[in-house]
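# Summary of the model geometry
Next come the chains, spelled out residue by residue.
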Amino acid sequence: MTALAQTAIIRSLRTPKGTIAGAWLLALVFMAIFAPVLTSYQYDVQNLKGAFAPPSAEHWLGTDEFGRDLLTRLMYGARTSLSVSGIAIGISVLVGMILGASAGFFGGKFDRAVTVVVDLTWSFPEILVALILVAIIGPGVTGTMAAIGVAYLAQFTRLTRAQIMAIKGETYIEASRSLGASDAYIVFRHLIPNALAPVLVSAMLATGDAIILEATLGFFGLGAQPPTPSWGGMMSSGSALLFKAPWIILLPGLAVAITVIAINLYGDALIRALDIRERLRQA
Amino acid sequence: MLSYTLRRLLLLIPVFLAVSVIIFAIIHLIPGDPVDNLLKVGSGPEQRAIIEARYGLDRPLPVQYAMWLGKVLTGDLGTAIVGRRPVADLVLQALPYSLALGSLALLFSTVVGIFLGVVAALNRGKLADQTIMTGVLLGSTVPSFWLGLLMILTFSVYFQWFPVSGARGWSSLVLPVLTIGLGGTALVARVTRVAMIEAAGRDFVLLLHAKGMHPMRIQLRHVLRHALIPVVTILALRIGWVLGGAVTIEVVFARPGLGTLLIKALNQHDYPVVQASLLILAMAVMLGTLLGDILQAAMDPRVRAALT
């Protein structure tokens, strides 16, 4: 698996689109992690005298309505947006793989139960599932993560199940079983590793959608609560100032848009590198 | 066809029940006790018991659910906490706005999406194809509410062609419909293009060419008809997404509608309104998906055959 991952990453970076997208994503993660070192400003210290400043040598992207440095807030916002989306999708993939793999492997009543629930949530738009979750858990980072995790759970469960169903009839599985391999051994040693590539790539693409979902919830005022900066939250407070200072809302939106496009381009490069387009369609 | 429709309608009942249980649960899962809000400061356990009895909160949960469901089915959605108006009135007032926005956006993305997909497929690999596909990628990755804000800045503030917000007249519909529609357009265009290219490679197309039929006529009369089947499938699956998009975009354009109602209620912790709008939205999604499925069965004889 690691060898496959290595080849995939190397191959995906060979195309120009893959290189540019990969570089942006890497730079973004770097900025998010090292935000406190990269900027001398604090994201929550107000300076009302310097509010609405245009871009300058001191404030590269200008300041917001409270005189806070926008570039600083964008970098810290990347922290919130990326970690909330990434962690939520990570947990969702893990749970989805366990559910999908057991449903596909064991079949029977359990499979039918999982399929019914998954198909039920599948038919609802993610934003609606997310809003139901936020209504239950309440606004904030936890609510947003739960909302994202549950909203995409159906997708990962379906995809894993489809992969397992496609592989489990193969001769080498039968051979392994005849050699005395246990169910758990077959699932963890053969089925899951074989299903991993399409599921992980779809998880990466879903992270892009999750960033939009996180930003949308933030824009509704239901995401990370102030003063914690998130891209959606910045747009939420900026929307009232659309006419006075449009850049406050345009910049975080641009950050979301470029990041999501980069994730899609890189995901596409990975799909080509791994040659799994057909397998992704199976779900 | 009729029996299929009826069967699908019956299948909606368990789905509706499952969704209603989840939505009913919201009020019991949120942190905090709703009775606390209704009690006056310094009231004792007797007053609490009276209030609990009045709202039926002293009964077991399944009974409470049955009572709630019974009320919902008779159209009694409770009273809003903020403003003290019947929730049913609020929802009925908002619904037509959302339906108008959603259906127009669906129409827009279907028509424009199929058109772009056909043009791209006919010019496969050429400049027109590449331009359309790049535009489609951009359209599907840009967050829709941000796109909406960009549209407001460009067309309402700078050019002053359309009103900034509100729901007065047709002109206020243009930008929201465009914003929601563009996301769907991308999907429809992509599916149409792939389906057209795939269908053009079939044997019957070769035969039509051999017969000497005009290539354009082959593409539009025969290939496109085949290609429309997956397009209808994807549209059937995504009808709900249009309503989801409407929720977001209504807030951006400050239009009245279910989305605006829901988001405002969520921010104000007005749970009866939250429950009602989520329930109506979920039902709209279910009915939309059903409509799409029936349409698909009506269009494709193979789907019909598989069903009976």
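Model, not experiment: these values are computed from the prediction. (Residues numbered from 1 in each chain as written. Chains lettered and ligands numbered in written order. Predicted model: local features only at pLDDT ≥ 70, side-chain atom pairs only at ≥ 80, totals over all residues. Heavy atoms only, no water.)

## Focus: the interface of chain A and chain B
Each partner contributes to the interface: chain A provides 33 residues, whereas chain B provides 41 residues. Around 3200 Å² of area is buried between chain A and chain B when both sides are counted, 85% of it from carbon and sulfur atoms. Counting the surface chain A buries against chain B, the share from its top three residues, A:Ala135, A:Ile136 and A:Phe220, is 17%. Where chain A meets chain B, there are 0 salt bridges. At the surface where chain A touches chain B, the tally comes to 3 residue pairs in polar contact (both at pLDDT 80 or more). Every element with two or more residues in the side of chain A that touches chain B is listed here: α5 (108-122), α6 (126-137), α9 (183-219) and α11 (247-274) of chain A. Residue contributions to the side of chain A that touches chain B peak at 10 residues, all from α11(A). Class assignment for the residues of the side of chain A that touches chain B results in 27 nonpolar, 5 polar and 1 charged. (Contact = heavy atoms within 4.5 Å. Buried area = accessible area lost by both parts, 1.4 Å probe. Salt bridge = Lys/Arg side-chain N within 4 Å of Asp/Glu carboxyl O. Polar contact = N/O pair within 3.5 Å; in protein donor to acceptor, adjacent residues only side chain to side chain. Helix = DSSP H or I, 4+ residues; strand = E, 2+ residues; numbered from the N terminus. Nonpolar A, V, L, I, M, F, W, Y, C, P; charged D, E, K, R; others polar.)

## What about the packing of aromatic side chains?
Here the structure, examined in full by the defined rule, presents 6 aromatic pairs over all chains. Measuring from ring centre to ring centre gives 6.3 Å for A:Phe219 and A:Phe220, while their planes differ by 50 degrees; the resulting arrangement is tilted. Each member of the aromatic cluster is reached from another via a ring pair, and the members are A:Phe219, A:Phe220 and B:Phe145. (Phe/Tyr/Trp six-rings, centres within 6.5 Å; stacked < 30°, edge-to-face > 60°.)

## Focus on the domain arrangement of chain B
All names here are of chain B. By the assigned domains, chain B splits into domain 1 (2-73) and domain 2 (90-307). Tallying the contact residues gives 17 residues for domain 1 and 13 residues for domain 2. Of all residues in domain 1, Tyr 4, Arg 8 and Ile 23 give up the largest surface area on contact with domain 2, accounting jointly for 34% of the area buried on that side. Between domain 1 and domain 2 we count 0 salt bridges in total. At the surface where domain 1 touches domain 2, the tally comes to 2 residue pairs in polar contact (both at pLDDT 80 or more). Elements that contribute at least two residues to the side of domain 1 that touches domain 2 include exactly α1 (2-29) and α4 (61-73). For the side of domain 1 that touches domain 2, the element with the most residues is α1, which contributes 14 residues. Across the side of domain 1 that touches domain 2, the residue classes break down as 13 nonpolar, 2 polar and 2 charged. (Domains from an automatic or database assignment.)

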